[in-house]
Amino acid sequence: LNHVFTTFLEVMANCLAAEGDPYHAEERNNRCAELVSGMEEEEIWSYAAMCAWMEMAVEENWDEPCDILGTICHELQLNDRHDGRHFKPDHICRLMSMLVNRAGDGPDNLDWKGKITDPACGSGSLILGMVWDMKQKNFDYRHRILFIAQDIDIQCVWMAYIQLTLYQVPAVVMHGNTRTQEEWSRWFTPYAIMQAQASEPEDAEGAGQ
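Residues numbered from 1 in each chain as written. Predicted model: local features only at pLDDT ≥ 70, side-chain atom pairs only at ≥ 80, totals over all residues. Heavy atoms only, no water.

Asks: Would you take a moment to explain the overall build of the protein chain for this structure?
Replies: Of regular secondary structure, the protein chain possesses ten helices and four strands. Going from N to C terminus, the protein chain has its helices and strands arranged as α-α-α-α-α-β-α-α-β-α-β-β-α-α. Relative to its full complement of 209 residues, the protein chain shows a buried share of 49%. (Helix = DSSP H or I, 4+ residues; strand = E, 2+ residues; numbered from the N terminus. Buried < 20%, exposed > 50% of the residue type's maximum accessible area, 1.4 Å probe, protein only.)

This is the structure in structure tokens:
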């Protein structure tokens, strides 16, 4: 079960990146081809169905963004296979976001613009909680904010990247170790790339790399 879930995450993350990140499209496409090369046709269709269901789940929760993949990971009891990893519930993340905003450290008004960093993002649940809060305030998060997320667990990186991409959140999700400053890969959501191209066209490719 863990192998299937992990493979689904890697397949979907690479498929989304191959389509939405022109600077890494070739690398992501090659990895997609490698992943499906040893699969039977029925298995490929099963992973394709999972990807479609994930997209439909985001559409159903569009107005109330939530951590779909983190919840699934818990329900499948896969989180305990990774050193007791636990993802924050949506209601806790939403409360944290509202508290930060009321303290004056976040986008408490429609003119706020900047970056927010999550050094141990997990499945992206805290960022999704902030996006939920921004939606309640009609805050234009697609153009006024950039999230910088990082996690040492590549499974978490894929979960966060998939959800932030589908919810159209501008984010750079890094696979790295926050404490040692080691970094192994970066995953750019389409809206993060659009922001870079709109603000500094001449530096967009450099940002992607």
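There's more to say after this.
Asks: Quick question: what am I supposed to make of the sheet that holds strand β1 (residues 114-118) here?
Replies: Adjacent strands of a sheet pair through backbone hydrogen bonds, lying either parallel or antiparallel. Pairing in this open sheet of four strands is mixed, and the strands run β1-β2-β3-β4 from one edge to the other. Edge positions in the open sheet fall to β1 and β4 (182-188), since each of these has one partner strand only. Across the sheet, the axes of successive neighbouring strands diverge by a mean angle of 20 degrees, strand direction being ignored. In terms of strand pairing, β1 meets strand β2 (residues 145-151) through five bridges, oriented parallel. From the neighbouring strand, G114 faces β2, where its bridge partner is I145. (Pairing = 2+ DSSP bridges. Axes fitted to C-alpha atoms, helices over the stretch in contact; angles between N-to-C directions.)

Asks: Quick question: what am I supposed to make of the packing of helix α1 (residues 2-20) against helix α3 (residues 41-60) here?
Replies: Geometry of a packed helix pair, given as the angle between the helix axes and the separation of the axes. With their axes 10 Å apart at the nearest point, α1 and α3 run at an angle of 70 degrees to one another. In terms of their interaxial angle, α1 and α3 are classed as roughly perpendicular. Residues V4, T7, F8 and M12 of α1 pack against Y47, M50, C51, M54 and E55 of α3. Residues belonging to the contact of α1 with α3 are distributed by class as follows: seven nonpolar, one polar and one charged. (Parallel < 35°, antiparallel > 145°, perpendicular 65-115°, else oblique. Contact = heavy atoms within 4.5 Å. Nonpolar A, V, L, I, M, F, W, Y, C, P; charged D, E, K, R; others polar.)

Asks: Is there a simple way to think about the environment of G70 in this case?
Replies: Within the element layout of this structure, G70 appears in helix α4 (residues 68-75). Here the alpha-carbon distance between G70 and A160, two residues 90 residues apart in the chain, equals 9.1 Å. Leave out the neighbours within four places in its chain, and G70 touches F87, S123 and M159.

Asks: Honestly, the side chain of H175 in this entry has me stumped. Any pointers?
Replies: With respect to the helices and strands, H175 occurs in strand β3 (residues 171-177). Among the residues examined, H175 registers a relative accessible area of 14% and is labelled buried. Engagement of the side chain of H175 in a polar contact is seen with the backbone oxygen of I152, the distance being 3.1 Å. H175 has contacts with D151, I152, D153, I154, V157, E183, W184 and S185, leaving out every residue within four places of it along the chain. (Polar contact = N/O pair within 3.5 Å; in protein donor to acceptor, adjacent residues only side chain to side chain.)

Asks: How do you make sense of the packing of aromatic side chains when you look at a structure like this?
Replies: What characterises a pair of aromatic rings is the spacing of the ring centres plus the angle enclosed by the ring planes. Taken as a whole, this structure holds three aromatic pairs when the rule is applied. Pairing W62 with Y167 gives two aromatic rings, centres 6.1 Å apart and planes at 20 degrees, and the pair type is stacked. Note that W62 is positioned in the loop between α3 and α4 and Y167 in the loop between α8 (154-166) and β3, a separation of 105 residues in sequence. Of note, R28 hangs over the ring of W187, and the distance from its end group to the ring centre comes to 3.6 Å. (Phe/Tyr/Trp six-rings, centres within 6.5 Å; stacked < 30°, edge-to-face > 60°. Lys NZ or Arg CZ within 6 Å of the ring centre and 35° of its normal.)

Asks: Please explain the packing of α1 against helix α2 (residues 25-36) as it appears in this structure.
Replies: Following both chains from N to C, one finds α1 and α2 inclined at 145 degrees, their axes separated by 8 Å at the closest point. Where α1 crosses over α2, the two elements pack in a sense that is left-handed. Contacts from E10, V11, N14, C15, A17 and A18 in α1 reach A25, R28, N29, R31, C32 and L35 in α2. Split into classes, the residues belonging to the contact of α1 with α2 amount to seven nonpolar, two polar and three charged. (Left-handed = near helix turned anticlockwise from the far one by under 90°.)

Purely geometric numbers; function is a separate question.
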